[in-house]
2 protein chains.
Amino acid sequence: MGGLNLLPTVERAIRLFSRFPGFGRKSAQRLVYHFLRQQKDEIGQLITVLEDLKRQVRPCMICFNLAESDKCVICADPSRDTEILCVVEEPQDLQAIESTHLFKGLYHVLGGHLSPLDNVGPEELHLAQLEHRLKNNSFRELILATNPTIEGDATAHYVAQLAQPWVKIMTRLGLGLPMGGELEYVDESTLYQALAGRRHYI
Amino acid sequence: MGGLNLLPTVERAIRLFSRFPGFGRKSAQRLVYHFLRQQKDEIGQLITVLEDLKRQVRPCMICFNLAESDKCVICADPSRDTEILCVVEEPQDLQAIESTHLFKGLYHVLGGHLSPLDNVGPEELHLAQLEHRLKNNSFRELILATNPTIEGDATAHYVAQLAQPWVKIMTRLGLGLPMGGELEYVDESTLYQALAGRRHYI
């Protein structure tokens, strides 16, 4: 379809949406036309929601989780175990761990992973702030919960080096078959990890 | 992941995005977190673009194409052939036809198709305005360019009945194999149409 004869406003909106993750020109177009079709003020609702995100959401001063005030709900919660710290890449990883209801400690959100190809070095992550926290608190355990990917592993390694003077116990999330997964369909490196990390059954 | 411990602002944004076409909760979440990650003011850019859409884009008074003033660029273009009218369902269909550079007439955008199951009857489409145009202009040909679907066919049929007193020639877009398509993969009703509508080769 191209940008032929499209209104400049519409073309600009489509271009902007095209840059979002998971979007191509066609899906961007579909969404923009969807907005323009609505009788109800869906664009208005979206603007309000985006303005709220922009205005009210900021990083937690302590752990860089998303927050609506200086401290996020977790750092502000006195019932959390302040001696165990879980390091994650992104706020959504923190959310995923919270959804297990198993972990009651604190978090540190790095804001990504080391990736030299994308020009993400240690300075681009919240590592200085992590070091500061490690120095000024006493954590008995550090969970390195970065993703089980090349970059996540490299980042975990870097964090472990950095934390080594201050923390005795460092752990990494278990690897293996996903629940409900089938051996037949699981990739070989996951199966390798599941086999290497097999546990006593009785 | 659920809405567990999510900031209300973030949860609201995710809920709103989840309702968009092609979105589920996961993709909505991904997009919202993407916005929150950006250093550059991507949310701000998006708000501006949406405000422009909301403020500047409206339906053309004549044909219901998208416009930035009373008349769309096509209705305002004196070089168009005013004796041939192409009826489409949506503005994006008009764009698709424009991209062929073959059609130089005018359009009428219905704003959808007849769909009793979704409570879309004739009143919900721009049919009264179409009748008004047919009465007050003399079109030598009406192209019924609604989609080749059950609903599009029904809508074309309805439009044809409505236009019958005023227009001599009514046409419908050709059906057949899509260019670059392969017989092996084409559905049988398309192949049926291609066969039934076969043309002399020499």
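Scroll up a little and you will see the structure.
First, a word on what this report is: a plain description of the structure on this page. (Residues numbered from 1 in each chain as written. Chains lettered and ligands numbered in written order. Predicted model: local features only at pLDDT ≥ 70, side-chain atom pairs only at ≥ 80, totals over all residues. Heavy atoms only, no water.)

The next thing to look at is the overall build of chain A. Across its full length, chain A carries seven helices and six strands. Here chain A has a C-alpha radius of gyration of 22 Å; the compact-globule value for 202 residues is 17 Å, and the former is much larger. Once the C-alpha set of chain A is aligned to its principal axes, its extents read approximately 65 × 45 × 35 Å. A burial count over chain A gives 42% of its 202 residues as buried. Here the contacts in chain A between residues at least 6 apart in sequence split such that 46% fall between residues at least 24 apart. Here chain A displays about 11900 Å² of accessible surface, and carbon together with sulfur accounts for 54% of that area. Taking the average place of the 21 positive charges on the side chains of chain A and the average place of its 25 negative ones, the gap between the two points comes to 5 Å. (Helix = DSSP H or I, 4+ residues; strand = E, 2+ residues; numbered from the N terminus. Rg over C-alpha atoms; globule rule 2.2 N^0.38 Å. Buried < 20%, exposed > 50% of the residue type's maximum accessible area, 1.4 Å probe, protein only. Contact = heavy atoms within 4.5 Å. Areas by Shrake-Rupley, 256 points an atom, 1.4 Å probe, with all protein chains shown as cover. Lys, Arg positive; Asp, Glu negative; His and termini not counted. Charge placed at Lys NZ, Arg CZ, Asp CG, Glu CD.)

Taken together, the contact pairs 54 residues of chain A with 54 residues of chain B. For the chain A and chain B pair, buried surface summed over both sides reaches about 5200 Å², with 71% attributable to carbon and sulfur atoms. A:K54 is the partner of B:D41 in a salt bridge, and the nearest nitrogen-oxygen pair spans 2.9 Å. Among the secondary structure elements, those contributing two or more residues to the side of chain A that touches chain B are α1 (8–18), α2 (25–37), α3 (42–56), β2 (66–67) and α4 (91–98) of chain A. The element best represented in the side of chain A that touches chain B is α3(A), accounting for 13 residues. (Buried area = accessible area lost by both parts, 1.4 Å probe. Salt bridge = Lys/Arg side-chain N within 4 Å of Asp/Glu carboxyl O.)

A few words now on helix α6 (residues 150–163) of chain B. Residues and elements named next belong to chain B. Taking 1.5 Å of rise per residue, the 14 residues of α6 would be expected to cover 20 Å, and the 20 Å separating its terminal C-alpha atoms lies within 8% of that figure. Along α6, the residues classified as buried are G152, T155, A156, V159, A160, L162 and A163. Buried positions in α6, seen along its axis, are confined to an arc of 160 degrees and lie on one side of it. Turned more than 90 degrees off the buried face of α6, the exposed positions are I150, H157 and Q161. Looking at the buried positions of α6, the neighbouring elements they touch are β3 (84–88), α5 (127–136), β5 (141–144) and β6 (169–172). (Expected span 1.5 Å × (residues − 1). Arc of directions from axis to C-beta.)

For the rest of this paragraph, the subject is the nonpolar core. Among the nonpolar cores identified, the biggest contains 45 residues, and A:V10, A:F17, A:L50, B:V10, B:F17, B:L50 and B:L53 are the most heavily contacted of them. Going through the elements one at a time, α1, α2 and α3 of chain A together with α1 (8–18), α2 (25–37) and α3 (42–56) of chain B are the ones with two or more residues in this core. Residue contacts for A:L50: discarding those within four places in its chain leaves B:F17, B:F35, B:I43, B:L46, B:I47 and B:L50. Of all hydrophobic cores here, the second largest spans 35 residues; its members include B:A67, B:C72, B:C86 and B:L142. (Core = buried A, V, L, I, M, F, W, Y, C linked by side-chain atoms within 4.5 Å.)

In this section: the packing of helix α5 (residues 127–136) of chain A against helix α6 (residues 150–163) of chain A. All names here are of chain A. α6 packs onto α5 with a crossing angle of 35 degrees between their chain directions and a minimal axis gap of 10 Å. Both α5 and α6 take part in a crossing whose hand is right-handed. Judged by residue contacts, L127, L130, E131 and L134 of α5 engage Y158, V159, L162 and A163 from α6. A breakdown of the residues in the contact of α5 with α6 according to their chemical character gives seven nonpolar, no polar and one charged. (Axes fitted to C-alpha atoms, helices over the stretch in contact; angles between N-to-C directions. Left-handed = near helix turned anticlockwise from the far one by under 90°. Nonpolar A, V, L, I, M, F, W, Y, C, P; charged D, E, K, R; others polar.)

Residues and elements named next belong to chain A. By the secondary structure assignment, T146 is in the loop between β5 (141–144) and α6. What makes T146 buried here is its relative accessible area of 4%. For T146, the side chain forms a polar contact with the main-chain oxygen of G152, separated by 2.8 Å. (Polar contact = N/O pair within 3.5 Å; in protein donor to acceptor, adjacent residues only side chain to side chain.)

The transformation that overlays chain A on chain B combines an axial shift of 0.0 Å with a rotation of 180 degrees, and the residual RMSD is 0.1 Å. The operation mapping one copy onto its partner corresponds to a two-fold rotation axis. Relative to the rotation axis, the closest C-alpha in chain A is found at A:I47, a distance of 2.8 Å. A share of 100% of interface residues in chain A that are also interface residues in chain B marks the association as one of identical surfaces. (Least-squares fit on C-alpha atoms with pLDDT ≥ 70 in both.)

With that settled, the discussion passes to a nonpolar patch on the surface. On the surface, a nonpolar cluster with roughly 250 Å² of combined accessible area is contributed by A:L177, A:L183 and A:L191. With respect to the secondary-structure elements, A:L191 resides in helix α7 (residues 188–196). (Patch = residues over 30% accessible without salt bridge, like charges linked within 9 Å, V, L, I, M, F, W, Y side chains within 5 Å.)

The next thing to look at is the sheet that holds β5(B). Residues and elements named next belong to chain B. Here four strands make up an open sheet; going across it, the order is β4-β3-β5-β6 and the pairing parallel. One side of each edge strand has no neighbouring strand; the edge strands of this open sheet are β4 (106–109) and β6. When the angles between neighbouring strand axes are averaged without regard to direction, this sheet yields 25 degrees. The sheet contact formed by β3 and β4 spans four bridges and is parallel. By the bridge assignment, V87 is partnered in β4 with H108. Of the strands in this sheet, β3 and β4 are in contact with helix α4 (residues 91–98), which crosses β4 at around 155 degrees. (Pairing = 2+ DSSP bridges.)

A side chain with one charge may pair with a side chain of the opposite charge, provided their charged atoms come close. Per the counting criterion, the structure on display carries 22 salt bridges over all chains. Residue B:E90 pairs with A:R37 through a salt bridge whose shortest N-O separation is 3.2 Å. Of the two residues, B:E90 sits in the loop between β3 and α4 while A:R37 sits in helix α2, which places them in two different chains. Exposure remark for A:R37: the relative accessible area of 42% places this residue in the partly exposed category. Between B:E11 and B:R25 there is a salt bridge, and its shortest N-O distance comes to 3.0 Å. A residue pair is termed long-range when its members are at least 10 positions apart, and B:E11 in helix α1 and B:R25 in helix α2 qualify at 14 residues. In this structure B:E11 comes out as buried when scored by relative accessible area, which is 11%. Among the residues examined, B:R25 registers a relative accessible area of 27% and is labelled partly exposed. Through salt bridges with shared partners, a single network forms among A:E11, A:R15 and A:R25.

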